[in-house]
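# Architecture at a glance
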Amino acid sequence: MSSATNARKKSRAVAVAALLSTVGAAGTFLSAAPAGAASLSTWDKLVQCEASGNWSAINPVGPYYGGLQFDQGTWESYGGLDYAPRADKATPKQQILIGEKVLAKQGQSAWPQCGPAAGLGSDHANPYPDPVPPVSTVTGLGAGSIVTGTVALTATVTDAEGTPTGATFYVDGRAVGTANGSGPSYRVDLDTAGLAEGSHSLTVRAVNDAGQTGPASAAVAFFVANRGTATTATGDFNGDGKDDIVVMYNGGQDGSGKNMVTLYTFLSNGATFNTPVDAWDNNDTVNGSWNWNNAKVLVGDFSGTGKADIAVFYNSGRSDSGKYLTTLYKFANNGSGGFRNPVKVWDNDDTVNGSWNWANAKPVVGDFSGSGKADIAVLYNSGQDGAGKNMLTIYKFASNGSTFNAPVNVWDNNDRVNASWNWNAIKPVVGKFSGSGKADIAVLYNSGQDGAGKNMLTIYKFASNGSTFNAPLNVWDNNDRVNASWNWNSIKAVAGDFSGTGRDDLAVAYNSGQDGAGKNLVTLYKFASNGSGFNTPVNVWDNNDKVNGSWTWDKIKLVAGKFGGAGRSDLAVMYNSGQDGAGKNLVTLYKFASNGSTFNAPVNAWDNNDKVNTSWDWYRADLA
């Protein structure tokens, strides 16, 4: 080390010695008050000057140790032995903490040359301020989002002094997941199937390396609409030859805590729909509690009378042994458009039928046997085999007129022929696609993305052979250069004879995003059946014009039926129209009449924006 450096060290050491001599018996400092603290950046400048940035430096002249070049007496006098036997053996933080004590007693003159050069006397910042709790901000979901299925919850966390170590997400005050790590971004995935339909609140709280828990973030409101896609909510309930619409409405709870539901029918008058009629409810002393969140509603002529009945696939919880229980109830048509009290027509609360997890079942309705009576098919998530293959089983509950026969396995992929089938990637739709008189099942399958990021969709058909179903056939996909990207998550599909050919087609309401002005766009596509498969989809209506207003895809519940009593099926949409100024929940029922090739512009066929009809919460209205 140079003589100039040695001289600097010597003068600094003398200053330290002089400092010690000025401390009285009571420890009172007798000179002018020095600087008492300095920021980390200033201490780093001092170390660079004193020891070329080396916190483990040793200068044999003195000798002086560490980045701040303490002599041993100073190190010991100011408590350094609490950290290490010598300064060069201590961490930078420990050396700075001793340096803070020296600075508080003597000021920057303890380092006569490097102290002023580093600005030690003019920087009064605390190098190690007390930690402060981390601050969290929700970055996703967006405020007002309407979500289905599994969604990503995201947040960012800032910490002024420390380091965040994790963030916990809360929905309605209940923790739903924790992400760990130093951030600043965090994510957990949430399956919304466990949440009630309607509004919810999302918050997040983080913790840091000091063990502090920060405050809850500002709440973000979002909405769950897992029942936003209907399947078979239509049927001819009064026997007039026109299809009607049924809604199972969540009536909340009465004063005793009983769960209330009501079945409303919107009877078609040919052009529009009549005011909804209460066709059944459990607001009595006869029928027990009905939890709307545990009911999957199905419509079909199960009795073969020519008038549609209701069936409900009900989650009955678990037995004492942990077996999943499911019950099938039938609400038989009473002949005048209403329904009789429900009758249990099947359950697995016995020693014959195995466990049935209601959450793993996607039930659909159709005359699969060709008997003139509607049956029920359930596409069941059978988990994975030992090799990780996703397993799917189709069970058929054949109607016998009064009840249903025990479920029969009519197809599965538990073999070496059929590939993996991801239950979470299927949207089943039922129709007489082949024109054979027996209903088939079409599955719109999420095939992921190709190498270029194109969203891939495949439509498979499980043709009914009367007793079971044939192996699935790929009857359309966009794995080509002709059809554009199809996002499975943007699809709501129904079936009906829209062309009047005697074969059912597919109609898809597609979320087309927004235009440049922020207008929400929806497109209706028709996949016309050709008997064996489906033709290329055709745009049969959209609102990408100056005539039709904004249509939010997340706010539509789509159904199909022969509402006009003609030979062609029409579409109907129950639309979430928000609230009026008084807070009344509004819904509008629009009808898209088929003209054979496309659909006419939507017509308001019923709404409750009047003084007659009460509030209708769209989220509580289940169209199956």
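Residues numbered from 1 in each chain as written. Predicted model: local features only at pLDDT ≥ 70, side-chain atom pairs only at ≥ 80, totals over all residues. Heavy atoms only, no water.

### Remarks on the UniProt feature "domain: Resuscitation-promoting factor core lysozyme-like" (unreviewed entry) in the protein
- UniProt's entry tags residues 38-114 with the feature "domain: Resuscitation-promoting factor core lysozyme-like" (unreviewed entry), counted in the numbering of this structure.
- Note that residues 38-114 is 44% helix and 5% strand, and that its end C-alpha atoms are spaced 14 Å apart. (UniProt positions renumbered as here; feature names shortened; annotations may be inferred. Helix = DSSP H or I, 4+ residues; strand = E, 2+ residues; numbered from the N terminus.)

### Brief notes about the packing of aromatic side chains
- The tally for this structure, following the rule as stated, stands at 49 aromatic pairs.
- Each member of the aromatic cluster is reached from another via a ring pair, and the members are Phe 313, Trp 346, Trp 356, Tyr 380, Tyr 395 and Phe 397.
- It is Lys 296 that lies over the ring of Trp 358; its NZ or CZ is 4.3 Å from the centre.
- For Lys 492, the ring lying beneath its charged end belongs to Trp 553, and the centroid distance is 4.4 Å. (Phe/Tyr/Trp six-rings, centres within 6.5 Å; stacked < 30°, edge-to-face > 60°. Lys NZ or Arg CZ within 6 Å of the ring centre and 35° of its normal.)

### A few points about the environment of Ser 529
- Secondary-structure assignment places Ser 529 in the loop between strand E29 (520-527) and strand E30 (538-542).
- Here Ser 529 falls in the buried class, since its relative accessible area comes to 5%.
- In this structure, the C-alpha to C-alpha distance between Ser 529 and Ser 434, residues 95 residues apart in sequence, is 7.7 Å. (Buried < 20%, exposed > 50% of the residue type's maximum accessible area, 1.4 Å probe, protein only.)

### Looking at the side chain of Lys 396
- Along the chain, the position of Lys 396 falls in strand E21 (residues 390-397).
- Although Lys 396 is buried, it forms no salt bridge, and the closest oppositely charged side chain is Asp 375 at an N-O distance of 4.9 Å. (Lys, Arg positive; Asp, Glu negative; His and termini not counted. Salt bridge = Lys/Arg side-chain N within 4 Å of Asp/Glu carboxyl O.)

### Regarding the sheet that holds strand E5 (residues 150-158)
- If you trace the three strands from one edge of the open sheet to the other, you get E3-E5-E8, paired in antiparallel fashion. The open sheet has two free edges, formed respectively by strand E3 (135-140) and strand E8 (185-191), since each of these has just one partner strand. Across this sheet, the average inter-strand angle for adjacent strands is 30°, counted without regard to direction.
- Strand direction decides the pairing type here: E3 and E5, joined by five bridges, are antiparallel. Paired with Thr 137 across the two strands is Thr 156, which belongs to E5. (Pairing = 2+ DSSP bridges. Axes fitted to C-alpha atoms, helices over the stretch in contact; angles between N-to-C directions.)

### Details of the domain arrangement of the protein
- Considered domain by domain, the protein is made up of domain 1 (40-118), domain 2 (135-224), domain 3 (227-316 + 330-350 + 361-366), domain 4 (369-489) and domain 5 (490-623).
- Here the C-alpha centroids of domain 2 and domain 4 sit 36 Å apart. (Domains from an automatic or database assignment.)

### Side note on the state of the cysteines
- In total, this model carries one disulfide according to the counting rule given.
- The disulfide bridge from Cys 49 ends at Cys 114, spanning 2.0 Å between sulfur atoms. Because the sign of the S-S torsion sets the handedness, a value of about -70° for the bond joining Cys 49 and Cys 114 places this disulfide among the left-handed ones. In this pair, Cys 49 sits in helix H2 (residues 40-51) while Cys 114 sits in helix H5 (residues 114-118), placing the two residues 65 residues apart along the sequence. (Disulfide = S-S within 2.5 Å.)

### A few points about the pattern of salt bridges
- Under the criterion given, the structure shown has four salt bridges.
- Taking the shortest distance from any N to any O, the salt bridge between Asp 88 and Arg 86 comes out at 2.9 Å.
- Assessed through its relative accessible area of 26%, Arg 86 is described here as partly exposed.
- With a shortest N-O distance of 2.8 Å, Asp 347 and Lys 344 are connected by a salt bridge.
- Exposure remark for Asp 347: the relative accessible area of 15% places this residue in the buried category.

### Some remarks on the confidence of the model for the protein
- Overall, the prediction assigns the protein a mean pLDDT of 91, with 93% of residues at 70 or greater.
- In the model, residues 1-34 has pLDDT below 50 throughout and makes 49 contacts with residues more than four positions away in sequence or in other chains. (pLDDT = per-residue confidence, 0-100. Contact = heavy atoms within 4.5 Å.)

### What to know about the nonpolar core
- Core analysis: the largest hydrophobic core is formed by 22 residues, its most contacted members being Trp 43, Leu 46, Leu 68, Phe 70, Trp 75, Trp 111 and Leu 120.
- Put simply, the parts of the chain that give this core at least two residues each are H2, helix H4 (92-106) and H5.
- If one sorts the elements of this core by residue count, H4 sits on top with four residues.
- When near neighbours in sequence (up to four residues on either side) are disregarded, Leu 68 contacts Trp 43, Leu 46, Val 47, Trp 55, Gln 95, Ile 96, Gly 99 and Trp 111. (Core = buried A, V, L, I, M, F, W, Y, C linked by side-chain atoms within 4.5 Å.)

### Looking at the pairing of E21
- By the criterion of burial, E21 is predominantly enclosed, with six of the eight residues buried.
- Sheet topology places strand E20 (residues 375-384) next to E21; seven bridges connect them, and they run antiparallel. If you follow Val 378 over to E21, its bridge partner there is Tyr 395.
- Relative to strand E22 (residues 408-412), E21 runs antiparallel, the two being bridged by four bridges. Residue Ile 394 lies in a different strand from E22, and its bridge partner there is Trp 411.

### Quick look at H2
- If you check H2, its first and last C-alpha atoms are 16 Å apart, about what twelve residues at 1.5 Å a residue would give, namely 16 Å.
- Those residues of H2 lying buried are Thr 42, Trp 43, Leu 46, Val 47, Glu 50 and Ala 51. Down the axis of H2, the buried side of the element spans an arc of 145°, and every buried residue falls inside it. Away from its buried face by more than 90 degrees, H2 exposes Lys 45 and Gln 48.
- Looking one or two residues past H2, Ser 52 carries a phi angle of roughly 55°, positive in sign. (Expected span 1.5 Å × (residues − 1). Arc of directions from axis to C-beta.)

### Side note on the sheet that holds strand E28 (residues 505-514)
- With antiparallel pairing, four strands are arranged side by side in an open sheet as E27-E28-E29-E30. A single partner strand is all that each edge strand has here, and the edge strands are strand E27 (491-496) and E30. Sheet twist, expressed as the mean angle between neighbouring strand axes with direction ignored, is 30°.
- Direction of pairing for E27 relative to E28: antiparallel, over a ladder of six bridges. Considered in E28, the bridge of Ile 491 is made with Tyr 510.

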